[in-house]
Amino acid sequence: MAAQSISPALLRLPSVCAMVGLSKSQIYRLIRAGEFPAGISLGANSVAWPAEHVNAWVAEKISASR
């Protein structure tokens, strides 16, 4: 069977907040402090986060707590 490639997913802020359990302001505070991955610009007023970056951040937090 051929390997399937998984296309990268982009998450908008409400999805990121739900995934990590933090508010919008806390996420932006962490970004300014260099402790959370920054979003990428999709346009003039649109930002999204690569799902793999958010998932990696969550995994790092889980492993750091153990």
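Things to note about the overall build of the chain
Looking only at helices and strands, one finds 3 helices and 3 strands in the chain. When the helices and strands of the chain are read in sequence order from the N terminus, they spell out β-α-α-β-β-α. Sequence-distant contacts in the chain: of pairs separated by 6 or more residues, those separated by 24 or more amount to 45%. In the structure as shown, the chain presents an accessible area of about 4,900 Å², 56% of it carried by carbon and sulfur atoms.

With respect to the pairing of strand 3 (residues 46–50)
For a regular strand, side chains alternate in direction, first toward one face of the sheet and then toward the other. Where burial is concerned, most of strand 3 is hidden: 4 out of the 5 residues are buried. In terms of strand pairing, strand 1 (residues 10–11) meets strand 3 through 2 bridges, oriented antiparallel. Among the inter-strand pairings, Leu11 is bridged to a residue of strand 3, identified as Trp49. Relative to strand 3, strand 2 (residues 40–43) is paired through 3 bridges, and the arrangement is antiparallel. Counted as the bridge partner of Ser41 is Val47 from strand 3. The hairpin turn running from strand 2 into strand 3, its antiparallel successor, is 2 residues long.

Re the nonpolar core
Counting residues in each nonpolar core, the largest one holds 13 residues, and the members touching the most others are Val16, Val20, Ile27, Phe36, Trp49 and Val54. Elements supplying a minimum of two residues to this core: helix 1 (13–20), helix 2 (24–32) and helix 3 (51–64). It is helix 1 that contributes the most residues to this core, 4 residues altogether. What Phe36 contacts, discounting residues up to four positions off in sequence, is Val16, Val20, Ile27, Leu30, Ile31, Trp49 and Trp57.

Definitions and limits used
- Residues numbered from 1 in each chain as written.
- Predicted model: local features only at pLDDT ≥ 70, side-chain atom pairs only at ≥ 80, totals over all residues.
- Heavy atoms only, no water.
- Helix = DSSP H or I, 4+ residues; strand = E, 2+ residues; numbered from the N terminus.
- Contact = heavy atoms within 4.5 Å.
- Areas by Shrake-Rupley, 256 points an atom, 1.4 Å probe, with all protein chains shown as cover.
- Buried < 20%, exposed > 50% of the residue type's maximum accessible area, 1.4 Å probe, protein only.
- Pairing = 2+ DSSP bridges.
- Core = buried A, V, L, I, M, F, W, Y, C linked by side-chain atoms within 4.5 Å.

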